[in-house]
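Each chain, letter by letter, is given below.
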Amino acid sequence: MHPAVRELKNIEGRFFATFDTWLGLMLAAFSRDDPAYLKLLEPYGPRVHGKPHAADHFAHALGAIHAEMRQDNERGVIRDHLGEIYEAEGGADKDMAQFFTPMPLCEMMARMTLDDTVPEDARIADPACGSGRMLMACVPLRPRGYFFGVDKDPTCAKMAALNMLWRNVDSDIVWGDCLRLKAHGGWMTHRTALGGVVAPFGPERAQALLEASVGANADMRPSPAAKPVQNSLQETETGVQATIIIPKRGQFEMDV
C-alpha cells in the first residue's frame, strides 16, 4: 500500500471522496487560496484535543508523496504516484475504476514523438490526459515546453495539474470534454527557479483554451511578460492569451 494511502485511510468516509478532497486541498494550498482550503475542511469539523484531525492526515499524505518523489529523483525514474493510487484503490470500486497507459509505454511514445526536429519550447498536448502521464513522460525531453492537457473527469484534471506543478513546467490543464468542446474550469502552472506555481481559472478561460486548442494557428502558451506578483488571472479581449500572475516564490516556499 502506498504510504499516502495509509494516511488517507485514517480519515472516515468513502476513499475516493477523501482522495478528491485531498487533491483539492493540495491545489488550494499551493495556489494560496485559504478560503477554498478552509471550505474543503469544513465537513471534518473542529479539532478535538488529543485526537489527530483529518487535516493532519491530509498533510502527512502530501509529505509521503514528496518523500516518494525524492526517492524517484535519486533513482532517475518517473512515477505517477497520484495515478497509481487512483488505479490501485479503484480496483475495488466499480464506479471509479480507471486504468491509465503504463508509464514505460508513455516514455517510449514520448521518445518516438519528440525527435531532434521538435523545438525545445514545443507545445505538447494530450486531449484525454488522465492523470497526465503522457505529459509527464515528455517533460524530461522538453522541460521548457508548454504542456496542455484536457480531461472530462475533474479528479483526473486535478491529478494532472498537480503532476505538472510538481515538475515545474508551464502548462494549462482543462477540466472539459474535447469531443463536445465543453469546458468547466482548470489550472495553469508556471515554471520558476524555486519550483512551480499554480492558479485556478474559470469556465470562460477554460472554454477559450479548449476552442483555441483545435484551431490551426492557436498559440496557448503563457505570456512571458507576466510579472511575479500575487496570484490572480488576467484575461485579454479574446481570452485565449490569458496570463497567470504568479507569486514571487515557487512551491518550495511551503517547506513541505
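Residues numbered from 1 in each chain as written. Predicted model: local features only at pLDDT ≥ 70, side-chain atom pairs only at ≥ 80, totals over all residues. Heavy atoms only, no water.

Attention now goes to the overall build of the protein. Looking only at helices and strands, the protein has nine helices and seven strands in total. For the protein, with 256 residues in total, the buried portion stands at 49%. Intrachain contacts of the protein at a sequence separation of at least 6 include 60% that bridge at least 24 residues. Accessible area of the protein: about 13100 Å², with a carbon and sulfur share of 54%. (Helix = DSSP H or I, 4+ residues; strand = E, 2+ residues; numbered from the N terminus. Buried < 20%, exposed > 50% of the residue type's maximum accessible area, 1.4 Å probe, protein only. Contact = heavy atoms within 4.5 Å. Areas by Shrake-Rupley, 256 points an atom, 1.4 Å probe, with all protein chains shown as cover.)

Burial runs high along strand S4 (residues 182-190): seven of the nine residues are buried. Note: strand S3 (residues 170-177) against S4, seven bridges, orientation antiparallel. Bridge pairing in S4 links Ser171 to Thr189. Taken together, S3 and the strand that follows it, S4, pair antiparallel across an intervening segment of four residues, in which Leu181 is found at a positive phi of about 50 degrees. (Pairing = 2+ DSSP bridges.)

Turning next to the environment of Phe99. Tracing the backbone shows Phe99 in the loop between helix H5 (81-90) and helix H6 (103-113). Residue Phe99 is classed as exposed on the basis of its relative accessible area, which comes to 66%. It is 8.7 Å that separates the C-alpha atoms of Phe99 and Gly83, two residues lying 16 residues apart in sequence.

Where nonpolar side chains cluster on the molecular surface, the patch consists of Leu105, Met108, Met109 and Met112 and spans about 370 Å² of accessible area. Mapped onto the fold, Met109 is located in helix H6. On the basis of relative accessibility, which here comes to 35%, the residue Met109 falls in the partly exposed class. (Patch = residues over 30% accessible without salt bridge, like charges linked within 9 Å, V, L, I, M, F, W, Y side chains within 5 Å. Salt bridge = Lys/Arg side-chain N within 4 Å of Asp/Glu carboxyl O.)

Of all the six residues making up strand S2 (residues 146-151), six are buried; the element is thus mostly covered by neighbouring parts of the structure. Note on the crossover from strand S1 (residues 123-126) through helix H7 (residues 133-138) to S2: the handedness is right-handed. Sheet topology places S2 next to S3; six bridges connect them, and they run parallel. From the neighbouring strand, Val150 faces S3, where its bridge partner is Val174. Once you follow S2 into helix H8 (residues 154-166) and on to S3, the crossover reads as right-handed. (Right-handed = clockwise from strand over helix to strand, strands pointing away.)

Turning our eyes to something else, we now look at the sheet that holds S4. Spatially, the five strands line up as an open sheet ordered S1-S2-S3-S4-S5, and their pairing is mixed. Each having just a single partner strand, S1 and strand S5 (197-201) make up the two edges of the open sheet. Along the sheet, successive strands turn relative to each other by an average axial angle of 15 degrees, direction set aside. Relative to S2, S1 runs parallel, the two sharing four bridges. Considered in S2, the bridge of Ile124 is made with Phe147. (Axes fitted to C-alpha atoms, helices over the stretch in contact; angles between N-to-C directions.)

The next point concerns the environment of Ala36. For Ala36, the position within the fold is in helix H3 (residues 34-41). Looking at Ala36, the relative accessible area reads 29%, which means it is partly exposed. As a C-alpha pair, Ala36 and Gly24 span 12 residues in sequence and 8.5 Å in three-dimensional space.

The subject of this paragraph is the nonpolar core. Core analysis: the biggest nonpolar cluster contains 54 residues, and Phe19, Trp22, Met26, Leu82, Leu162 and Trp166 have the highest contact counts within it. Looking at this core, the elements that each hand over two or more residues are helix H1 (3-8), helix H2 (15-30), helix H4 (54-75), H5, H6, H7 and H8. (Core = buried A, V, L, I, M, F, W, Y, C linked by side-chain atoms within 4.5 Å.)

Taken as a whole, the protein shows an average pLDDT of 85; of its residues, 81% reach a score of 70 or greater. Here residues 223-248 is a poorly scored stretch, pLDDT under 50, and it has 55 contacts once near neighbours within four places are set aside; other chains count. (pLDDT = per-residue confidence, 0-100.)

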